[in-house]
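Coordinates in review
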Amino acid sequence: MEPLLKVTSIEKTFGDVRALVNVNLLASRGECIAILGENGAGKTTLASVLIGLYQPDSGQIELDGTQIFVTSPAAAIRHGIGMIHQHFSLVGAMTAEENILIGLPGEKRGTAARARIRQLCDDFDFTVDFDVPVASMAVGMKQRVEILKALFRDVSILILDEPTSVLAPTEVAPFLQGVRKLVATGCLVFFISHKLDEIREIADRVMIMRHGCVEGILPVASTPMTQMSALMMGQTDADQPAEKPNTKEMRLDSTRAAKALVVSDVSLTASSGAEILKEVDLTLHAGEILGIAGIDGNGQTELSEVITGLKTQTSGTILLGDKEISGSSIAARIADGIGFVPEDRHAEGLVLSLSVEENFAFRSIGEGKFMSGRLISRRAISKIAEDAVTAYDIRPSNPKLNASALSGGNQQKIVLAREVSRARNLLVVVQPTKGLDVGATQFVQDQIRAVAQSGVAVLYISTELEHVLEISDRVAVMAFGRITGVVTPQNTTLQDIGLLMTASPEEVV
Amino acid sequence: MNSVTMQCRVAAALLMALTVGGFLILFDGHNPFEAYKVLFFDSFLNYWGFSNTLVKASPMLLAGLAVIIPMRAGVFNIGGEGQIYIGGLFGTVFALAVPDLPAVLGVPLIFLAAAIGGTFWAAIPAYLKAYRGTNEVIVTLLMNFVAIHIVSYAVAGPLLAEGAPYPYSDEVAEAYRLPIVMPRSDAHAGFVFGLAMALILYFWLRFTPSGFQLDLVGRNARAAAYAGVDEKKTIIRAMLIGGSLAGMAGAIEVIGLKYRLFHLFSDGYGYDGIVVAFLAALNPIVAPLTALFLAGLSAGAGTMQRAIGVDSSVIEVVEGLVVVFVAAALVAPRNSSKSILKNLLIGGLFGHPKHNKKKEA
């Protein structure tokens, strides 16, 4: 059969980063191709090139044997290529019909169009409530409206970007059913995902990407999950341990130390019904570094927020030492000596319009060391900031400058220095090395090790697996809001971790 | 953006507004330098003119602070005008109901009553904003009209003075009237009170944890939450403070200037407060200066019209231009400006050196 889509040697670079390297692909009608890969493997970049959000640096795309240039998402729609993003582009105040017909000329919006929408719904067994505005629909129904929007525009290629990640567990099976119908009518569906069990269920072939390269396009039925996982993690020799034990210093025997943090049976359910955290159990000892590995968006950020008080869990308890803190406010937890390096330092960890010295103080401004009597001591703040700027070699070394004047690495140092100095019992760090160069990464890691040595328990959450394995005493792997396993870095392989990271909830139970 | 950069940008914006206004005067067939000279000479260097400036500056200053404090918490209080009216009403009602107290007790209580009135009027949009997510700009703006009409009703009905030819209340007791700071003029102590408030608020924002945290919410609400600050309570607190300040401005108009509650007694001072606040780059300590400047513009406009023949509405245009230019200067991102004019005038000539360096890099 003549391929519908032919992608030849697509390349795309962003600055120094090669996001797509010589990507080739042949795909036919009526096929479902899963795209599997870690964060930053190039999955979304490839999709963006196909729908015209990015222009490739080189290479070409052929549709039905003729070369096409997808210069914009509108052009993509003209060529019959549509994409459903993780974040829907629907107008909340409008009904499903109005959303589907949005932007079309008047003559295409009449009764015939409305009849066709209902026909499409019937064809694909989509349940859509046509009487209510989209804002009051459940996520699954919104997603169906998005898909109908694409189908109404006669797409022959549909790209779904992690479509099940936003769905409640009960919505997944009907959704996959719908996709299957789409494929049966001759649509070519790309299914971007990192959930191996779903890929197994829905896809004909799986395209595995790593660092912008296609590691393989394999038939799903005949490829074992372990092979997919190994290709995704970039490890061909599956038996090699993740780390050579002799390169690692002797770790302290953490089980003997006092328990610093006990998270028991913590669950978090979003208002949409999606289960973000599910029965999470964790124990963290004083002086221990516990890594949390997992693919982005599997509940790690929310776990950090539940522990530090930014979000409140739906059920379960959290003990800091012997003290129950589940109901404490953020301020109370700050006072209890919990340090927190949040993922988004610009939006959360720093106030860019304040000076560097004020950034050292803002998280606990009422604390004695920043005060003189009941008033803020600007002099004390300057002194503390100057010391930290010297100790952490923050540049430029003028603490009166606005935080926005500093580079990302130096900004991260401010957050880290502040939280390390504040953490007496527990330090929670999320993606502390994101966007840092090798030297800065090393520095951050050293500081975290030092604070652990001083007896503070550290929860190290990161999607950069090498860093997690390098620094942690133990590593807990999260997938779909659950802890799918706890391993020690010395005795585990990347492949094991890859399987845990993509394990479906059923396998864990 | 540090405060030095902000002040420089504001100064540049001000100059641009006056320049454009100057062209308008020129097109009107007059010499702009002459016109501005007459205007500023009259408002600031002439005894009677300056007293007039002070009279206008005192409600403008308090109304400006009533915008600054909520704005520092990220909430836009357009409702100063309504809060002035309700504050004036509460203050007058108290003053008329309890006419026999000594001044040291009565005047503070009138201020308190007015502050309660303004606070109450600001509490409604504050609650709606914090707990219902309702846009405070719309609610505060619309509540202004309600407040104005409530006062009109009050002075035309229950508070109407006996035999009054048009709607106003009885006079407040002489003991309650604010002292005059410039002899034989109308210039009362209201501006001094505003000045004290500006100092207190500046100090509060800079040197107390609660003030610092209010500012934090406006700068970065997520970071404030991360620092354990309750955003909703802070928003409400900021709006209530704003409402009380505007409410006291209403009392000052009554016991400082007119000694009665008139209908339509505030001549848009609540809205002037927005200009004062922006001109001051939201810094309370600068607000007295910007209130004086704006009051001077409006006090001198009449003289300019009489002496030179320039229509005083030109000054209203200048006030409007000040808002536009200052708002543009404050929101312009530091290094994404594409406009050559903006780079040249705001970045190049008046910008902070650091901000320029960053642009080159």
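Refer to the preceding data block for the structure.
Report on the accompanying structure. Being a predicted model, the structure only gives us computed values, none of them experimental.

Turning next to the overall build of chain A. Secondary structure assignment for chain A yields 18 helices and 22 strands. Since a compact globule built from 509 residues should have a radius of gyration of about 23 Å, the 25 Å found for chain A is in line with a globular shape. Each principal axis of the C-alpha atoms in chain A carries an extent, and together these give about 75 × 50 × 45 Å. Per-residue burial for chain A yields a buried fraction of 46% across its 509 residues. Summarising the internal contacts of chain A: among those between residues at least 6 apart in sequence, 69% fall at separations of at least 24.

We now examine the nonpolar core. If you look at the biggest cluster of nonpolar residues, it comprises 270 residues, and the most contacted ones within it are Val189(A), Val458(A), Tyr460(A), Leu65(B) and Val276(B). Inspection of this core shows a minimum of three residues originating in each of domain 1 (5–233) and domain 2 (239–337 + 457–509) of chain A. Leave out the neighbours within four places in its chain, and Leu65(B) touches Met197(B), Ala198(B), Leu201(B), Leu245(B), Pro284(B) and Ala287(B).

A few words now on the interface of chain A and chain B. The interface is formed by 21 residues belonging to chain A together with 18 residues belonging to chain B. Secondary structure elements with two or more residues in the side of chain A that touches chain B: α10 (330–335), α11 (345–349) and β18 (375–376) of chain A. Partitioned by chemical class, the residues of the side of chain A that touches chain B number 14 nonpolar, five polar and two charged.

With that out of the way, let us pick up unusual backbone geometry. It is generally the case that most residues other than glycine have a negative phi and that most peptide bonds are trans. Arg395(A) connects to Pro396(A) through a cis peptide bond whose omega is -10°. Phi at Asp265(A) is positive, roughly 60°, even though this residue is not glycine. With respect to the helices, strands and loops of the structure, Asp265(A) is situated in strand β11 (residues 259–269). In the Ramachandran plot, Ala281(B) falls in the positive-phi region, its phi being about 50° despite a non-glycine side chain. Within the secondary structure, Ala281(B) is located in the loop between α11 (269–279) and α12 (287–308).

What follows covers the sheet that holds strand β1 (residues 5–14) of chain A. Hydrogen bonding along the main chain pairs the strands of a sheet, whether they run parallel or antiparallel. Residue and element names in this part refer to chain A. Read across the sheet, four strands follow the order β2-β1-β4-β5 without closing on themselves; strand pairing throughout is antiparallel. Pairing within the sheet leaves two strands with one partner each, and these edge strands are β2 (17–27) and β5 (66–68). Adjacent strand axes in the sheet meet at a mean angle of 30° when their direction is disregarded. Across seven bridges, the pairing between β1 and β2 is antiparallel. Paired with Ile10 across the strands is Val23, a residue of β2.

It is worth spelling out the sheet that holds β11(A) at this point. All names here are of chain A. Strand order in this open sheet of four strands is β12-β11-β14-β15, and the pairing throughout is antiparallel. Where the open sheet ends on each side, the last strands, each with one partner, are β12 (275–285) and β15 (323–324). Bridge count for β11 against β12 is seven bridges, and the pairing is antiparallel. If you follow Leu268 over to β12, its bridge partner there is Leu277.

Residue and element names in this part refer to chain A. Counting buried residues in strand β20 (residues 457–461) gives five out of five residues, a clear majority hidden from the surface. Taking every second residue as pointing to the same face, both faces of β20 are buried, with Ala457, Leu459 and Ile461 on one and Val458 and Tyr460 on the other. As paired strands, strand β13 (residues 289–293) and β20 are joined by four bridges and run parallel to one another. Each bridged residue has a counterpart across the sheet, and for Leu290 the counterpart in β20 is Leu459. Taken together, the five bridges between strand β19 (residues 426–430) and β20 define a ladder with parallel strand orientation. Pairing of Val430 across the sheet is with Ile461, part of β20.

All names here are of chain A. Among the structural elements, Ser454 can be located in the loop between α15 (438–453) and β20. Judged by local crowding, Ser454 falls into the exposed class, with 12 C-beta atoms found within 10 Å. Between the C-alpha atoms of Ser454 and Thr44, which are 410 residues apart in sequence, the distance is 42 Å.

Residues and elements named next belong to chain B. Put simply, helix α7 (residues 190–207) and helix α8 (residues 209–219) touch, their axes get as near as 5 Å, and they point 80° apart. As summarised for this structure, α7 and α8 are arranged roughly perpendicular, according to the angle between their axes. Counting all contacts with α7, which are made through Trp204, Leu205 and Arg206, the residues of α8 involved are Gly211, Phe212, Leu214 and Asp215. Class assignment of the residues belonging to the contact of α7 with α8 gives a composition of four nonpolar, one polar and two charged.

Moving on, we get to the pairing of strand β7 (residues 157–161) of chain A. All names here are of chain A. The buried fraction of β7 amounts to four of the five residues, a majority that puts the element mostly inside the structure. Inspection of the sheet shows strand β6 (residues 81–84) paired to β7 by four bridges, in the parallel sense. Following the sheet pairing, Gly82 is matched in β7 by Leu158. Two strands pair when backbone bridges link them, and β7 and strand β8 (residues 188–192) are joined in this way by five bridges, in the parallel orientation. Across the sheet, Ile159 pairs through a bridge with Phe190, a residue of β8. For the handedness criterion, the β-α-β arrangement of β7, helix α6 (residues 169–184) and β8 is classed as right-handed.

Rules used throughout
Every chain's residues receive numbers from 1 upward, in the order its sequence appears when written. As they are written, the chains are lettered A onward and the ligands numbered 1 onward, keeping that order. pLDDT decides what is reported in this predicted model: residues at 70 or higher carry local features, side-chain atom pairs at 80 or more are listed and counted, and totals for whole chains, interfaces and linings draw on all residues regardless. Put simply, DSSP H or I for four residues or longer makes a helix, DSSP E for two residues or longer makes a strand, and each gets a number counted from the N terminus. We take the radius of gyration over the C-alpha atoms and set the globule estimate at 2.2 Å times the residue count to the 0.38 power. Whether a residue is buried, exposed or partly exposed follows from its count of other C-beta atoms within 10 Å of its own C-beta, namely 20 or more, 12 or fewer, or something in between, respectively; the C-beta atoms are built from the backbone. By the criterion used throughout, residues are in contact when their C-beta atoms, derived from the backbone, lie within 7 Å. A set of buried residues drawn from Ala, Val, Leu, Ile, Met, Phe, Trp, Tyr and Cys, joined through C-beta atoms within 7 Å, is what defines a nonpolar core. For every domain, the bounds stem from an assignment made automatically or drawn from a database. Side-chain classes are defined by residue name, with Ala, Val, Leu, Ile, Met, Phe, Trp, Tyr, Cys and Pro counting as nonpolar, Asp, Glu, Lys and Arg as charged, and the others, Gly among them, as polar. Paired strands, as defined in this entry, are two strands with at least two bridges between them according to DSSP. With axes taken as lines fitted to C-alpha atoms, and helix axes fitted only over the stretch in contact, angles between N-to-C directions fall between 0 and 180 degrees. Note on terminology: angles under 35 degrees are roughly parallel, angles over 145 are roughly antiparallel, angles of 65 to 115 are roughly perpendicular, and the others are oblique. We call a crossover right-handed when, viewed with the strands running away from us, the connection from the first strand over the helix to the second turns clockwise.

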